[in-house]
Amino acid sequence: MQSSSSSEEMYIPAEDTVFFAGYLEKESGSSALEIGTGSGYLAEILEHNFDLVVRTDLDFNSLVGQRDANCVCCDGASALRKKFDLIICNFPYLPSEQILDRTTDGGPEGTQVPLHIIETAISCLKTDGKMLLLTSSLANYGKLVREMESKNLSVRIIAKKRMFFEELMLVEARFS
């Protein structure tokens, strides 16, 4: 999925991550999954309210430095067979012709990578579980919603944050 010329840099938490983090503090359950954990910032918040938190990332080096964590180096959730109460992902959502920086480039319309991640995650979501996904007004949000709904997911925006050049959207998806 990702280009072989992908950046090997870990995604450093920025305003989008901090915005997302504010909504994770109230989540709780037995198991949670963060796809594309990068620095592990969001997974560390989840560890306060979940018995098990699993982190995945394409970049092995991002996972190495995360002490005392359940880490899996894989594409999305492709290597996992467990079902989770909560699945989170701060998508690489920026529209791009090519995926040169795997931490930010979402492919054409900013949806190629997010849709691939969702496809790998659906089989890991408990029937009564939910996904929390961060995207942007820069991506084709309508296409993202239509594709998720075609996979039997109910989708709604639960929070927005206006930035200088975009609007961040925290999306909740559950099985219909």
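To keep things clear, this report deals only with the structure shown in the data block.

Calculation notes
- Residues numbered from 1 in each chain as written.
- Predicted model: local features only at pLDDT ≥ 70, side-chain atom pairs only at ≥ 80, totals over all residues.
- Heavy atoms only, no water.
- Core = buried A, V, L, I, M, F, W, Y, C linked by side-chain atoms within 4.5 Å.
- Buried < 20%, exposed > 50% of the residue type's maximum accessible area, 1.4 Å probe, protein only.
- Helix = DSSP H or I, 4+ residues; strand = E, 2+ residues; numbered from the N terminus.
- Contact = heavy atoms within 4.5 Å.
- Phe/Tyr/Trp six-rings, centres within 6.5 Å; stacked < 30°, edge-to-face > 60°.
- Axes fitted to C-alpha atoms, helices over the stretch in contact; angles between N-to-C directions.
- Parallel < 35°, antiparallel > 145°, perpendicular 65-115°, else oblique.
- Left-handed = near helix turned anticlockwise from the far one by under 90°.
- Nonpolar A, V, L, I, M, F, W, Y, C, P; charged D, E, K, R; others polar.

## Side note on the nonpolar core
Part 1 of the argument: Among the nonpolar cores identified, the biggest contains 50 residues, and Ile87, Ile118, Met131, Met148 and Leu153 are the most heavily contacted of them.
Part 2 of the argument: Looking at this core element by element, the count peaks at 6 residues for helix H4 (residues 112-122).
Part 3 of the argument: Discounting chain neighbours no more than four positions away, the residues touching Leu153 are Ile118, Ile122, Leu125, Met131, Met148, Ala173, Arg174, Phe175 and Ser176.

## A closer look at the packing of aromatic side chains
Part 1 of the argument: In total, this model carries 1 aromatic pair according to the counting rule given.
Part 2 of the argument: Ring centres of Phe19 and Tyr23 lie 5.6 Å apart, and the angle between their planes is 70°; on these two criteria the pair is classed as edge-to-face. Of the two residues, Phe19 and Tyr23 are both situated in helix H1 (residues 15-24); the distance of 4 residues between them amounts to about one turn of the helix.

## Overview of the side chain of Lys130
Part 1 of the argument: Here Lys130 lies in strand E7 (residues 125-136).
Part 2 of the argument: With a relative accessible area of 14%, Lys130 lands in the buried category.
Part 3 of the argument: Among all residues touching Lys130, those that are not within four sequence positions of it are Glu27, Asp85, Leu86, Ile87, Leu125, Glu172, Ala173 and Arg174.

## Re the packing of H4 against helix H5 (residues 141-149)
Two quantities define a packed helix pair, namely the angle between the helix axes and the distance between the axes.
Part 1 of the argument: Two elements in contact, H4 and H5, have axes whose closest approach is 10 Å; the angle formed by their N-to-C orientations is 20°. In terms of orientation, H4 and H5 fall into the roughly parallel class. When you trace H4 past H5, the crossing you get is right-handed. Counting all contacts with H4, which are made through Pro114, Leu115 and Ile118, the residues of H5 involved are Leu144, Glu147 and Met148.
Part 2 of the argument: For the contact of H4 with H5, the residue count by class is 5 nonpolar, no polar and 1 charged.

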